[in-house]
Structure formats: C-alpha cells, structure tokens
Amino acid sequence: MSLSTPSLSTERLLLRPVADTDADALFALHSDAHVLRYWDSPPWTEPQRAQRFIAASRQLAADGSGVRVVVDRADDGAFLGWCVLSRWTPAYRSAALGYCFTQAGWGHGYATEAAKALLQWGFDSLDLNRVQAETDTRNTASARVLEKLGFVREGTLREDCVVDGDVSDSRVYGLLRREWNAS
C-alpha cells in the first residue's frame with residue numbers, strides 16, 4: 001500500500017514532499033561534515049547522491065514504508081532540512097522518526113516543531129502506537145529534541161556505527177501513543 005506524502009504547516013514552517021528542485025540544498029546539507037559529524041554515514045562527495053536521495057524519498061512513500069518531507073521556513077521559503085517517518089509497520093502500528101537540519105536551522109526549535117507536526121500526522125493518519133528514534137550518544141542537541149517531544153530513552157546500542165573508522169554508540173528512544181496523547 002502506497003502512502004501519500006503530506007504537506008503540513010506550523011506557525012513557522014512548511015513541510016512538503018521532496019522535489020527535484022531540492023537537489024542542491026540536499027547536497028549542501030549532506031556534504032557538510034559538521035552537520036553529519038554524528039551521522040551514520042560519511043558526508044556526500046558526489047552531487048548525484050542528492051538525486052538518489054530524492055528517488056529514495058519517493059520510493060519510501062510508493063512502497064508504503066514511510067514518508068519524508070522537506071522543511072522550509074514559512075516566511076521566506078528557506079530550506080532548513082528534512083524529517084522522516086520510516087519503517088512503518090502497519091501490523092505493529094510502529095515507525096521510526098529521523099531528521100536532519102542545516103546549521104542555520106539549529107537552535108531555533110525548528111527540528112522540534114517539524115517533528116511534532118509529522119508525528120501528529122503519523123499518529124492521526126497511520127494510527128501509530130509506537131515511534132522509535134535513535135541518536136548518536138554524543139549528539140546532545142538531538143537528544144533534547146526527542147525529549148522535548150516526549151520520547152523516553154530506552155537503551156544504548158553499543159558500537160553500532162563505524163563511519164570512516166570512528167566507532168560510536170547510539171541511544172534508542174521510544175514514544176508511545178498514550179504518552180503522545182497525554183502531552
């Protein structure tokens with residue numbers, strides 16, 4: 001079953017399906033070593049990676065396993081990053097949350113605001129019961145985003161990522177429908 005990628009808006013943001021015109025901004029985001037220092041893969045070095053990312057974003061919805069949206073600032077249309085609900089499993093009513101934002105988007109609450117809108121869509125449209133997220137243990141800013149959204153730290157995946165020889169651990173967070181509804 002395919003999914004329709006939503007277009008959502010918040011007070012300050014527009015969340016929309018990934019478009020071909022996002023290729024340059026996506027490449028700039030994913031080739032920034034500082035942005036990707038806690039990522040599970042090295043920065044992009046080939047601009048063609050952006051086209052493959054766009055195709056993968058569309059395939060996610062086409063095969064019904066999730067949706068990825070670009071996040072733009074509402075007042076000027078500036079590209080800030082993206083948010084995704086992936087690994088949607090209807091039988092378990094579960095999905096995984098992920099996001100990546102430009103340095104210009106850090107420290108303004110945009111990740112929290114965008115993820116909150118996408119989570120609300122997921123709980124309402126996909127009838128989610130559980131959403132999982134993972135973040136590098138060194139990424140305290142991402143952990144704060146998840147905690148502000150009501151996620152609970154559930155454990156640590158030891159040495160689960162090796163990027164360019166750098167071994168790191170990840171924290172696993174979970175958010176249940178009943179916790180979301182209570183917030």
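The structure displayed is predicted, hence computed values, not measured ones.

Peer 1: Explanation requested: the packing of aromatic side chains in the structure shown.
Peer 2: The geometry of an aromatic ring pair comes down to the distance between the two centres and the angle between the two planes. Evaluated as defined, the whole model comprises four aromatic pairs. Judged by centre distance (6.0 Å) and plane angle (90°), the ring pair of Trp39 and Trp82 falls under edge-to-face. Taken as a pair, Trp39 in the loop between helix H1 (23-30) and helix H2 (48-62) and Trp82 in strand E4 (residues 79-89) lie far apart in primary sequence, 43 residues in all. Given the relative accessible area of 4%, Trp82 is considered buried. Aromatic pair Phe123 and Trp180: ring centres 5.4 Å apart, planes at 20°, arrangement stacked. Of this pair, Phe123 sits in helix H3 (residues 110-125) while Trp180 sits in helix H5 (residues 177-182); the two residues are 57 residues apart in sequence, bridging distant segments of the chain. Trp180 sits in the buried class, given a relative accessible area of 7%. Above the ring of Trp82, the side-chain terminus of Arg68 is found at 4.7 Å from the ring centroid.

Peer 1: Help me out: how do you make sense of the nonpolar core in this one?
Peer 2: General note: in soluble globular proteins, nonpolar side chains tend to be found buried as a group. Of all hydrophobic cores here, the largest spans 35 residues; its most connected members are Cys83, Leu85, Leu97, Leu119 and Phe151. Mapped by element, the contributors of at least two residues to this core are strand E2 (13-17), strand E3 (67-73), E4, strand E5 (94-101), H3, strand E6 (130-136), helix H4 (140-148) and strand E8 (166-176). Counting residues per element, this core draws most heavily on H3, at nine residues. Here Cys83 is in contact with Val67, Arg68, Val69, Val71, Leu97, Gly98, Tyr99, Ala114, Ala115 and Leu118, once residues within four sequence places are set aside. Counting 16 residues, the second-largest nonpolar core is a separate cluster that includes Leu29, Val35, Trp44 and Leu60.

Peer 1: It is not clear to me how the sheet that holds strand E1 (residues 8-9) should be interpreted in this structure. Could you clarify?
Peer 2: To summarise the sheet geometry, strands pair through backbone hydrogen bonds and adopt either a parallel or an antiparallel arrangement. Strand order in this open sheet of eight strands is E1-E2-E3-E4-E5-E6-E8-E7, and the pairing throughout is mixed. Two strands close off the open sheet at either side, each with one partner strand: E1 and strand E7 (152-163). Here seven bridges tie E6 to E8, and the two strands are oriented antiparallel to one another. Note on E8: the bridge partner recorded for Val131 is Leu175.

Peer 1: What exactly am I supposed to notice about the packing of H1 against H2 here?
Peer 2: The relative placement of two packed helices comes down to the angle between their axes together with the axis-to-axis distance. Contact pair H1 / H2: the axes reach a minimum separation of 8 Å and the direction vectors enclose 110°. By the angle between their directions, the pair H1 and H2 is classed as roughly perpendicular. Within the contact between the two elements, H1 uses Ala23, Leu26, Phe27 and His30 and H2 uses Ala50, Gln51, Phe53 and Ile54. Here the residues of the contact of H1 with H2 are counted per class, giving six nonpolar, two polar and no charged.

Peer 1: Whenever I open this one, the pairing of E8 confuses me. Can you help?
Peer 2: Looking along a regular strand, one sees side chains alternate from face to face of the sheet. With eight bridges joining them, E7 and E8 adopt antiparallel strand pairing. Across the sheet, the residue bridging to Val152 is Gly174, located in E8. If you look at the hairpin formed by E7 and E8, you'll find two residues sitting between the two strands, and Asp164 has a positive phi there, around 50°.

Peer 1: Hey, could you run me through unusual backbone geometry in this one?
Peer 2: For residues that are not glycine, phi is negative in most cases, and the peptide bond is trans in most cases. Unusually for a residue other than glycine, Arg87 sits at a positive phi of about 50°. Note that Arg87 resides in strand E4. For Arg93, which is not a glycine, the phi torsion comes out positive at approximately 55°. Judged by relative accessible area, which is 29%, Arg93 ranks as partly exposed.

Peer 1: Quick question: what am I supposed to make of the environment of Ala33 here?
Peer 2: Its location among the elements puts Ala33 in the loop between H1 and H2. By relative accessible area, which is 48% here, Ala33 ends up partly exposed. A C-alpha to C-alpha distance of 12 Å links Ala33 and Val163, two positions 130 residues apart in sequence.

Each value, and the rule that gives it
Residues numbered from 1 in each chain as written. Predicted model: local features only at pLDDT ≥ 70, side-chain atom pairs only at ≥ 80, totals over all residues. Heavy atoms only, no water. Phe/Tyr/Trp six-rings, centres within 6.5 Å; stacked < 30°, edge-to-face > 60°. Helix = DSSP H or I, 4+ residues; strand = E, 2+ residues; numbered from the N terminus. Buried < 20%, exposed > 50% of the residue type's maximum accessible area, 1.4 Å probe, protein only. Lys NZ or Arg CZ within 6 Å of the ring centre and 35° of its normal. Core = buried A, V, L, I, M, F, W, Y, C linked by side-chain atoms within 4.5 Å. Contact = heavy atoms within 4.5 Å. Pairing = 2+ DSSP bridges. Axes fitted to C-alpha atoms, helices over the stretch in contact; angles between N-to-C directions. Parallel < 35°, antiparallel > 145°, perpendicular 65-115°, else oblique. Nonpolar A, V, L, I, M, F, W, Y, C, P; charged D, E, K, R; others polar.

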